[in-house]
Amino acid sequence: MPHKSIGRLAFVGNYVPRNCGLATFTSDLRNAVYAQARSTECIVVPVSDGTENEYPPEVRFVFREQDLESYKRAADFLNLSGAEVVSLQHEYGIYGGEAGNYILSFLRHLDKPVVTTMHTVLDKPTPEQLRVTREIADRSSLIVVMANRGRQFLREIYGVPDAKIRMIPHGIPDMPFVDPNFYKDTKGVAGRPALLTFGLLSPNKGIETVLRALPAVVQEVPDVHYTILGVTHPNLLRTEGERYRQSLEHLTEELNIKNNVSFHNRFVELGELLEYIGSADIYITPYRDKHQITSGTLAYAFGCGKAVVSTPYWHAEELLAGECGVLFPFDDHEQLAKDICRLLANEEDRHAMRKRAYMIGREMVWSNVAQQYLHAFHPPRRTRRSNKRHQLQLDESPLQLPRIRLPHLLTMTDSTGLLQHAEFSFPLYSEGYCTDDNARALLLAVLLEELDMASPELDRAVSRYAAFLHYAFNEQRHAFRNFMLFNRRWRHEVGSDDSQGRALLALGSVVGRSGNAKLRLWAQELFVKTLPTVTGCDSPRTWAYALIGIHEYFRRLNGDCRAEEARLFLTDQLIRLYEQNASNEWRWFEDVLAYGNAVMPHALILSGRWCCNQHALDIGLSSLEWLQENQRGDNGCFRPIGNQGFYHRGGERAIFDQQPIEAYVTCCACIEAHGATGDQKWLDEAYRAFSWFLGRNDLGVELVNRETGACGDGLHPDRVNQNDGAESTLAYLLSLARLHLVQQRTRRESAQHNHKPISTESSHFVEVHPVEVTE
């Protein structure tokens, strides 16, 4: 299954030139992913212990192992880096703090999705190791393990859901299956049976066990040779120097096997390492502790087709099952000697074992592993990490209705009109303008006029929105153009059906609500010219926008015969469409819940209410109720239909990406349903939809900047879209303005009945803020 391209990935962990297996793994993984996805930029942010020399060019930021503040700076760097996913390599010993808990500070400050590879999973963690691992898992979109036992431990001990765990094997180089004799002469073991262990030297690696086994092996195979390849572990080297290596060398003298053993105190590059592995007849991993969930050295030897003899630590037990290797008890040098002798004596069995391992290892080559990681990186699952915007818990109550603030809207407005897109919070000139957004902005302006929010800056913006619509109107086609480039050239002579409907809605609202007589006259003339074009469209959303626009128009000009004819015609069109498609299980106008869904019930509720058409009202209320049932998350929050697949009849409902426009049109439809029925549930539903902007959503994160009025362009599975475009900002401001008008009407009605003014009957919002414009 092909994966969608990711623009930029970030890899965090040890990294070359640091001499350790995890640094090598991170480097190999990064390079393998890049080789499989050349269009993806793969940057690296390594943790440093101060021993590294110059890093390669892909390293963009370095944080210090024992410097807690540098973990926060690394998170800030990644937040600003444009990275879409962070691949975190986790091992307790490489990060600062008790049980490596400094990495939690990094994760708490990071607002990117994280896929964590667990290189160690313990069955008996200390309390701090348990806490650290649980929080890492909680803040990760996905956890990768390299052995099924790791998956089992994460489920049973750490409480990680199985769906959040992915098994991906340790990657290995793609080496041909060759006879060991091909490489032996280059390694000084030509004609000799060759044994090999490689990796960082430390007491828990169990080299002593092999050395003690060798005298018995030498008795049967006198020319056997054992190569110990690798430098002393850096931590051990810092505390006691080469004392451990020297003790091993002394042991070879005591056992009289010095001529059968060679120490190579070097950290070799991959090419030379593969030659050493290729030269070995038997690879030995004599670890002394079963608590090893992953061994890169074992994976390399196994995947390159070596006969492996190992102690039964967790990774070895799993990888060598099915006669793919030989297991001997911990610290049992006598049994080890017998196993080595048997394999060296039986070439047929040894080569059969090699072949079985090599064939299984084909699935572990880095190219295959990189593809599995790329699929794990996209799409990242939703996480519980906070966003830089205000986070709101879903059970937090009550919410407050924010003030209406317009700085961002005015920033997006220039002398031509409202720019449609933003890069973060600044206008994106390259994307130009559109009629859709300028029509919405004009609609917002007349709502703000009702809320007494007049200001010179807002008045200038209104003139620009109206002028844009005037220029967008194509007199020859009696229709609006939609998209205009920044150089003021139109992309098309006629815009989409939906843009015609939205323009008509804005014009009808100006006629019905504005106190500016000249603006009303202009809007009325353009409304009359546009109406026949809109009624001739085939889109049910266009019909709905037009119906809502006609009802707005009738606020002042009820009695216009042509508008009345259009209202009846469009109402009948929507009713017929519903009757053709609806059933008891699917109470909807089409075979799909797509975008802008609530405008169709909204339009029929209006027609049913004001035309005394009970059938239209019943359909409007029933379809809106059914829509709300399908727009409710598991935690009761508003969950609009996601635009990554929508919801087709008989299919599965797409959850993401969630769009602000859906919360807006739903809020408006529910306000209208409340007006038509007086039923408090509809006002509650309106507040539930609006609460989506303020953090009562699937991620528990707020999409808006309350100081500027900006709103993110949508809710992804893991985060808010940080671009504050015109559509999303207007969706928020229009919803907020509608609710302020509801509260304004409620206060007036309460005052008329000699009651103390209240904000609203709903329990969701308890405090009314004055509206204001901030220039």
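Residues numbered from 1 in each chain as written. Predicted model: local features only at pLDDT ≥ 70, side-chain atom pairs only at ≥ 80, totals over all residues. Heavy atoms only, no water.

(A) Here's a closer look at the overall build of the chain. Summing up its helical and strand segments, the chain has 27 helices and 25 strands in all. Principal-axis analysis of the C-alpha atoms places the extent of the chain at approximately 110 × 50 × 50 Å. A burial count over the chain gives 59% of its 775 residues as buried. Taking as baseline every contact in the chain between residues at least 6 positions apart, the subset at least 24 positions apart corresponds to 70%. A distance of 2 Å separates the average location of the 83 positive side-chain charges in the chain from that of its 97 negative side-chain charges. (Helix = DSSP H or I, 4+ residues; strand = E, 2+ residues; numbered from the N terminus. Buried < 20%, exposed > 50% of the residue type's maximum accessible area, 1.4 Å probe, protein only. Contact = heavy atoms within 4.5 Å. Lys, Arg positive; Asp, Glu negative; His and termini not counted. Charge placed at Lys NZ, Arg CZ, Asp CG, Glu CD.)

(B) Structural detail: helix 5 (residues 148-156). Looking at helix 5, one finds that the buried residues are Gly150, Arg151, Phe153 and Leu154. One side of helix 5 holds all its buried residues, which, seen down the axis, span an arc of 165°. Elements that come into contact with the buried residues of helix 5 comprise helix 4 (127-138), strand 6 (142-145), strand 7 (165-167) and helix 12 (314-319). (Arc of directions from axis to C-beta.)

(C) Main features of the packing of aromatic side chains. Tallying each qualifying case throughout the model produces 30 aromatic pairs. An aromatic cluster is present here, built from Tyr429, Tyr433, Phe468, Tyr471, Phe486 and Trp490 joined pairwise through their rings. One residue, arginine 541, lies across the ring of tyrosine 595, its end atom 4.5 Å from the ring centre. (Phe/Tyr/Trp six-rings, centres within 6.5 Å; stacked < 30°, edge-to-face > 60°. Lys NZ or Arg CZ within 6 Å of the ring centre and 35° of its normal.)

(D) Here's a closer look at the layout of surface pockets. By volume, the second largest pocket amounts to about 820 Å³. Surrounding the second largest pocket, 27 residues form its lining, Arg513, Arg555, Arg609, Glu672 and Arg745 being those nearest its centre. Those elements giving two or more residues to the lining of the second largest pocket turn out to be helix 21 (540-557), helix 23 (599-610), helix 25 (660-677) and helix 27 (726-752). Here the lining of the second largest pocket takes 8 residues from helix 27, the largest share from any one element. Here the lining of the second largest pocket is built from residues that sort into 8 nonpolar, 8 polar and 11 charged. (1 Å grid on protein atoms, 1.4 Å probe; cavity = no way out; pocket = protein on both sides within 12 Å on 5 of 7 lines; lining within 4 Å. Points joined across faces, edges and corners; volume = space filled by probe spheres on them. Nonpolar A, V, L, I, M, F, W, Y, C, P; charged D, E, K, R; others polar.)

(E) Seen up close, empty space enclosed by the protein. Under the counting rule described, the total for this entry stands at 4 cavities of 30 Å³ or more. Computed from the structure, the largest cavity encloses a volume of approximately 170 Å³. Looking at the largest cavity, it is lined by 15 residues, and the ones nearest its centre are Leu443, Leu505, Tyr545, Tyr664 and Val665. Taken together, the elements giving at least two residues each to the lining of the largest cavity come down to helix 17 (435-450), helix 19 (497-513), helix 21, helix 23 and helix 25. Residue contributions to the lining of the largest cavity peak at 4 residues, all from helix 25. Quantified by volume, the second largest cavity comes out at close to 70 Å³.

(F) Layout of the packing of helix 3 (residues 102-109) against helix 4. Between helix 3 and helix 4, the least distance of the axes is 10 Å, while the angle of their chain directions is 20°. Put simply, helix 3 runs roughly parallel to helix 4. In this structure, the crossing between helix 3 and helix 4 has a hand that is left-handed. On the side of helix 3, the interface is formed by Ile103, Leu104, Leu107 and Arg108, while helix 4 contributes Arg131, Val132, Glu135 and Ile136. Per-class residue counts for the contact of helix 3 with helix 4 are 5 nonpolar, no polar and 3 charged. (Axes fitted to C-alpha atoms, helices over the stretch in contact; angles between N-to-C directions. Parallel < 35°, antiparallel > 145°, perpendicular 65-115°, else oblique. Left-handed = near helix turned anticlockwise from the far one by under 90°.)

(G) Highlighting the side chain of histidine 315. With respect to the element layout, histidine 315 can be found in helix 12. Given a relative accessible area of 4%, histidine 315 falls into the buried group. Leave out the neighbours within four places in its chain, and histidine 315 touches Met146, Ala147, Gln292, Ile293, Thr294, Ser295 and Leu298.

(H) Region of interest: the confidence of the model for the chain. Taken residue by residue, the chain gives an average pLDDT of 90. The fraction at 70 or more is 94%. Below a pLDDT of 50 lies the segment residues 381-398, which in the model reaches 73 contacts outside its immediate sequence neighbourhood of four places, other chains included. (pLDDT = per-residue confidence, 0-100.)

(I) Region of the structure containing the sheet that holds strand 12 (residues 307-310). Read across the sheet, 6 strands follow the order 10-9-8-11-12-13 without closing on themselves; strand pairing throughout is parallel. Each end of this open sheet is capped by a strand with a single partner; those strands are strand 10 (261-264) and strand 13 (326-327). Here 2 bridges tie strand 12 to strand 13, and the two strands are oriented parallel to one another. Residue serine 310 lies in a different strand from strand 13, and its bridge partner there is leucine 327. Along the sheet, helix 7 (residues 207-220) makes contact with strand 8 (194-198), strand 9 (225-229), strand 10 and strand 11 (282-285), crossing strand 9 at roughly 165°. Of the strands in this sheet, strand 8, strand 11, strand 12 and strand 13 touch helix 13 (residues 333-345), which is tilted by about 165° from strand 11. (Pairing = 2+ DSSP bridges.)

(J) The sheet that holds strand 5 (residues 114-118), seen in detail. The strand order 3-2-1-4-5-6-7 describes an open sheet built from 7 strands, whose pairing is parallel. Looking at which strands have only one partner, the edges of the open sheet turn out to be strand 3 (63-64) and strand 7. Packed on one face of the sheet, helix 5 meets strand 6 and strand 7 and runs near 170° to strand 7. Packing of helix 15 (residues 366-377) onto the sheet brings it into contact with strand 1 (8-13), strand 4 (85-90), strand 5, strand 6 and strand 7, and relative to strand 7 it is tilted by some 165°.

(K) Fine view of the pattern of salt bridges. For the coordinates displayed, the defined rule picks out 43 salt bridges. Among the ionic pairs, glutamate 317 bridges to arginine 149, the shortest N-O distance being 2.9 Å. One end of the pair, glutamate 317, is in helix 12; the other, arginine 149, is in helix 5, with 168 residues separating them in the sequence. Given a relative accessible area of 33%, glutamate 317 falls into the partly exposed group. Relative accessible area serves as the criterion here: at 27%, arginine 149 is assigned to the partly exposed category. (Salt bridge = Lys/Arg side-chain N within 4 Å of Asp/Glu carboxyl O.)

(L) The arrangement of the environment of histidine 421 in detail. For histidine 421, the location among the structural elements is in the loop between helix 16 (407-411) and strand 15 (422-423). Judged by relative accessible area, histidine 421 falls into the partly exposed class, the value being 32%. When the C-alpha positions of histidine 421 and asparagine 723 are compared, they lie 7.9 Å apart, and in sequence the two are 302 residues distant. Those residues within four positions of histidine 421 in sequence are excluded, and the remaining contacts are Met412, Pro427, Leu428, Glu431 and Gly725.

(M) Structural context of the pairing of strand 2 (residues 41-48). With 7 of its 8 residues buried, strand 2 lies for the most part within the structure. Between the parallel pair strand 1 and strand 2, the chain is carried across by helix 1 (residues 21-36), and the sense of this crossover is right-handed. Pairing of strand 2 with strand 3 involves 2 bridges; the strand directions are parallel. Across the sheet, residue serine 48 finds its bridge partner in strand 3, namely arginine 64. (Right-handed = clockwise from strand over helix to strand, strands pointing away.)

(N) Layout of helix 25. In a regular helix each residue adds 1.5 Å, so 18 residues correspond to 26 Å; helix 25 covers 26 Å between its end C-alpha atoms and thus fits that length. The element helix 25 is extensively covered by neighbouring structure, given that 15 of its 18 residues are classed as buried. Glycine 678 sits one or two residues past helix 25 and shows a positive phi near 75°. (Expected span 1.5 Å × (residues − 1).)

(O) Main features of unusual backbone geometry. Cis geometry marks the peptide bond from valine 16 to proline 17; its omega dihedral reads 20°. Within the element layout of this structure, proline 17 appears in the loop between strand 1 and helix 1. Cis peptide bonds are those with omega within 30 degrees of zero, and the linkage from phenylalanine 656 to aspartate 657 qualifies with -10°. Non-glycine residue glutamate 323 carries a positive phi angle of around 60°. Following the sequence through the fold, glutamate 323 ends up in the loop between helix 12 and strand 13. Residue class for glutamate 323 comes out exposed when judged on its relative accessible area of 59%.

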